[in-house]
Amino acid sequence: MSLTRVAVLTMLVVSAAVFAGAVDYDNDFAKQLKFECPQDEVVTSVYSKFDGDAVDRRFKFGCGPAPGNARPRQCVWTDGFVNKVESAMAFMCPANHLVAGVASVYDSVSSDRRMKIKCCRQPGFRTNSCYFTEYLNNWTDPLDYTIAGNKVLTGWLSMHDNGHQDRRNRMVECQYGPNKP
Ligand SMILES: *[C@@H]1O[C@H](CO)[C@@H](O)[C@H](O)[C@H]1NC(C)=O
């Protein structure tokens, strides 16, 4: 292949990637979301962007290992949804569990999502020194959240606004380690 052909092909591939958008979201607008980290990993990042035409957000989750070489693999999904449409959400995993999956369904009447969350634990490890982050996004602004490497995500809070048809989000973070270090 000539250098020119290589250059043209490279440009095509690059522009296709740019056109498709760099973020490979875990849900489509108005569609169901179901995301689970690989076994032994927990959620370490959440990126989300609002779209005014769709009146919805798409989400991209990232996973990583838990601190202290923990392997949290005793997992539970919440029984039902953890929030009602157009209402505040205040979700905490059961004691010593870490967020390892998120699911949601879109309600087109309210243009809002209801969420279910998967939480996992490893016996012998516990959370401590938990706190709430500040709000991580303004109305209709992107959410770009990455937890510090030595912290774990154990809860998710949000408030809803009917005017913006959107949610502002904040997280619950904790320290994590063995019961007897
Ligand atoms: C929200 O907007 C205010 C005012 O512009 C700004 O000071 C603040 O940093 C924003 N917060 C976030 C999480 O983007």
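Residues numbered from 1 in each chain as written. Predicted model: local features only at pLDDT ≥ 70, side-chain atom pairs only at ≥ 80, totals over all residues. Heavy atoms only, no water.

In the nomenclature of an unreviewed UniProt entry, the protein corresponds to Hemagglutinin/amebocyte aggregation factor from the organism Elysia marginata. Taken directly from UniProt, the Subcellular location (unreviewed entry) text for the protein runs: "Secreted". Quoted verbatim from the Sequence similarities (unreviewed entry) field of UniProt, the annotation for the protein is "Belongs to the dermatopontin family." (UniProt positions renumbered as here; feature names shortened; annotations may be inferred.)

### A few points about the sheet that holds strand β9 (residues 143-146)
In space, the three strands of this open sheet follow the order β3-β2-β9, with antiparallel pairing throughout. Edge positions in the sheet fall to β3 (56-65) and β9, since each has one partner strand and no second. Adjacent strand axes in the sheet meet at a mean angle of 15° when their direction is disregarded. (Pairing = 2+ DSSP bridges. Helix = DSSP H or I, 4+ residues; strand = E, 2+ residues; numbered from the N terminus. Axes fitted to C-alpha atoms, helices over the stretch in contact; angles between N-to-C directions.)

### Description of empty space enclosed by the protein
A complete count under the given rule lists one cavity of 30 Å³ or more for this structure. If you add up the space inside the largest cavity, you get close to 180 Å³. Lining the largest cavity are 18 residues, with Arg57, Phe59, Asp112, Arg113 and Arg167 sitting closest to its centre. Going through the elements one at a time, β3, β6 (98-107), β7 (112-121), β10 (152-161) and β11 (166-178) are the ones with two or more residues in the lining of the largest cavity. Top element by residues in the lining of the largest cavity is β3. It accounts for four residues. (1 Å grid on protein atoms, 1.4 Å probe; cavity = no way out; pocket = protein on both sides within 12 Å on 5 of 7 lines; lining within 4 Å. Points joined across faces, edges and corners; volume = space filled by probe spheres on them.)

### Let's talk about the site of the ligand
Taken together, Tyr135, Leu136, Asn137 and Asn138 make up all the residues around the ligand. One nitrogen or oxygen atom from the side chain of Asn138 is found 2.3 Å from an oxygen atom belonging to the ligand. Notes on the ligand: free accessible area 360 Å², of which the protein chains cover 30%. Taken together, the residues of the shell around the ligand break down into two nonpolar, two polar and no charged. (Near = heavy atom within 4 Å. Polar contact = N/O pair within 3.5 Å; in protein donor to acceptor, adjacent residues only side chain to side chain. Areas by Shrake-Rupley, 256 points an atom, 1.4 Å probe, with all protein chains shown as cover. Nonpolar A, V, L, I, M, F, W, Y, C, P; charged D, E, K, R; others polar.)

### Comments concerning unusual backbone geometry
A positive phi angle, near 65°, is found at Ala30, a position not held by glycine. Position of Ala30 relative to the elements: it lies in the loop between α1 (3-20) and β1 (33-36). Despite not being glycine, Glu86 shows a phi value in the positive range, around 55°. Inspection of the secondary structure puts Glu86 in the loop between β4 (74-77) and β5 (89-92).

### Things to note about the pairing of β11
Summarising burial for β11: ten of the 13 residues are buried, a large majority. As defined by bridge partners, strand β8 (residues 125-132) adjoins β11 across six bridges and the pair is classed as antiparallel. Opposite Arg126, over in β11, you have Gly177 as the bridge partner. Bridge analysis of β10 against β11 gives nine bridges, and the strand direction is antiparallel. Looking at β11, one finds that Leu157 is bridged to Arg170. Between β10 and β11, which pair antiparallel and follow one another directly, the connecting turn spans four residues, one of which, Gln165, has a positive phi of 55°. (Buried < 20%, exposed > 50% of the residue type's maximum accessible area, 1.4 Å probe, protein only.)

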